[in-house]
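Structure at a glance
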Amino acid sequence: MNFVFRRDELLVEAVSSVLPDTVVCERIGVSATALEPVWMLPESPYRTAQVDPALEAPEGYAFKKLRSLFGVLDDERMALAGRAYQISEWARTHRFCGACGTPAQRVATEFCLRCPSCGFSAYPRISPAMMVLIRKGDSILLARHTTTATARYTALAGFVEPGESLEQTVHREIYEEVGLKVGNLQYFGSQSWPFPHSLMVAFTADYVSGDIRIQEDEIADARWFGPGDPMPDIAARISIAGWLIRANLPMGWSAP
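**Comments concerning the overall build of the protein chain**
Of regular secondary structure, the protein chain possesses four helices and 14 strands. Taken along its principal axes, the extent of the C-alpha atoms in the protein chain is 60 × 45 × 35 Å. In the protein chain, which comprises 256 residues, the share counted as buried stands at 43%. In the protein chain, 62% of the contacts between residues at least 6 apart in sequence involve partners at least 24 apart. Put simply, the protein chain shows about 13300 Å² of open surface, and 53% of that area lies on carbon and sulfur atoms. Side-chain charges of the protein chain comprise 24 positive and 30 negative groups, with the mean position of each set lying 1 Å from the other.

**Some thoughts on the sheet that holds strand E1 (residues 2-6)**
Overall, mixed pairing links the five strands, which are arranged E3-E4-E1-E2-E5 in an open sheet. If you trace the sheet from one side to the other, it starts and ends with strand E3 (36-37) and strand E5 (61-65), each paired once. Note: E1 against strand E4 (residues 47-50), four bridges, orientation parallel. Bridging from a neighbouring strand, Val4 pairs with Ala49 of E4.

**Focus: the nonpolar core**
The biggest cluster of nonpolar side chains holds 34 residues, and the ones touching the most others in it are Phe3, Leu10, Leu66, Met131 and Leu142. Counting only elements with at least two residues in this core, the list comes to E1, strand E2 (9-13), helix H2 (75-93), strand E9 (127-136), strand E10 (139-145), strand E13 (198-209) and helix H4 (240-246). Per element, the largest residue contribution to this core is five residues, and it comes from H2. The residues touching Leu66, leaving out its near neighbours within four places in the chain, are Phe5, Asp8, Glu9, Leu10, Met78, Ala81, Gly82, Tyr85, Pro194 and Phe195.

**Observations concerning the environment of Ala143**
Positionally, Ala143 belongs in strand E10. Along the chain, Ala143 and Asp221 lie 78 residues apart, while their C-alpha atoms are 5.5 Å from each other. Ignoring sequence-local partners within four residues, the contact set of Ala143 consists of Arg152, Tyr153, Thr154, Leu156, Ile219, Asp221 and Ala222.

**Focus: the pattern of salt bridges**
Scanning the model with the defined rule gives 13 salt bridges in all. For Glu176, the salt bridge identified is with Arg172, shortest N-O distance 3.1 Å. Placement of both Glu176 and Arg172 in helix H3 (residues 166-178) is noted, with a separation of four residues, approximately one turn of the helix. Here Glu176 falls in the partly exposed class, since its relative accessible area comes to 33%.

**What about unusual backbone geometry?**
One non-glycine residue, Arg7, adopts positive backbone phi at about 60°. By relative accessible area, Arg7 is classed as partly exposed at 35%. The residue Asn184 is not glycine, and still its phi comes out positive at about 55°. Mapped onto the elements, Asn184 comes out in strand E12 (residues 181-193). On the basis of relative accessible area, Asn184 is assigned to the partly exposed category, the value being 42%.

**Regarding the sheet that holds strand E8 (residues 121-122)**
Across the sheet, three strands lie side by side as E6-E7-E8; this open sheet has antiparallel pairing. Of all strands in the sheet, those bounded by a partner on one side alone are strand E6 (105-106) and E8. Taken together, the two bridges between strand E7 (residues 113-114) and E8 define a ladder with antiparallel strand orientation. The residue of E8 that forms the bridge with Leu113 is Ala122.

**Here's the deal with the pairing of strand E11 (residues 156-159)**
Burial of the side chains of E11 is restricted to one face: Leu156 and Gly158 are buried, whereas none of Ala157 and Phe159 on the reverse face is. Relative to E11, E9 runs antiparallel, the two being bridged by four bridges. Bridging across to E11, Met131 finds its partner in Ala157.

What counts as what
Residues numbered from 1 in each chain as written. Predicted model: local features only at pLDDT ≥ 70, side-chain atom pairs only at ≥ 80, totals over all residues. Heavy atoms only, no water. Helix = DSSP H or I, 4+ residues; strand = E, 2+ residues; numbered from the N terminus. Buried < 20%, exposed > 50% of the residue type's maximum accessible area, 1.4 Å probe, protein only. Contact = heavy atoms within 4.5 Å. Areas by Shrake-Rupley, 256 points an atom, 1.4 Å probe, with all protein chains shown as cover. Lys, Arg positive; Asp, Glu negative; His and termini not counted. Charge placed at Lys NZ, Arg CZ, Asp CG, Glu CD. Pairing = 2+ DSSP bridges. Core = buried A, V, L, I, M, F, W, Y, C linked by side-chain atoms within 4.5 Å. Salt bridge = Lys/Arg side-chain N within 4 Å of Asp/Glu carboxyl O.

Here you go:
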């Protein structure tokens, strides 16, 4: 499988969403040597590359936003595409040493780009982020974020800052975004999320104190939802946010 990206768009056959073979790749100037391995196993057939943002898709193919292919590609191919995107972005953005500017060289035995001049090593970036669903009696807190294009309600989330544990991030982000204090943090699960290079770590927490006070540059709306309230449009099941919310739905709610 060849995963060819134009920034965050994946090249697929326009109708079937089949990935391009080596012939199609060569037609658009992506040689076999330009394709990065997605796994280090020598027998792995998966390769990836980034192309020029101005490149047009060949006849019969289209560059489609990776997010739009959720539910189109099966789970295995979607997971592979997410990994391939992160590998291709790492290769694209670390061609030169970040310390001295010398062209970096690929290390054959691991995902590492190393500077031949000063020895600086660059590995694929992974940014840990927490997600938390707050419970208050029979209600749950859901929010709409200002930075997303959809009007869906979801759990609170935020990136881990230097020097923080995941638990510290949960408490800080909750207080910053909605002004609440919580307790009884419980680990729920994790998910690799390639937009662009996150590892989402999800928790549940119980409300302790405070009134909702939204951080307006981050949160468009946040409120408690409980039994008898109309159900808002919530995060899709493809994301860990969707799993987290569906595992804690108020009584009387149901979601596909």
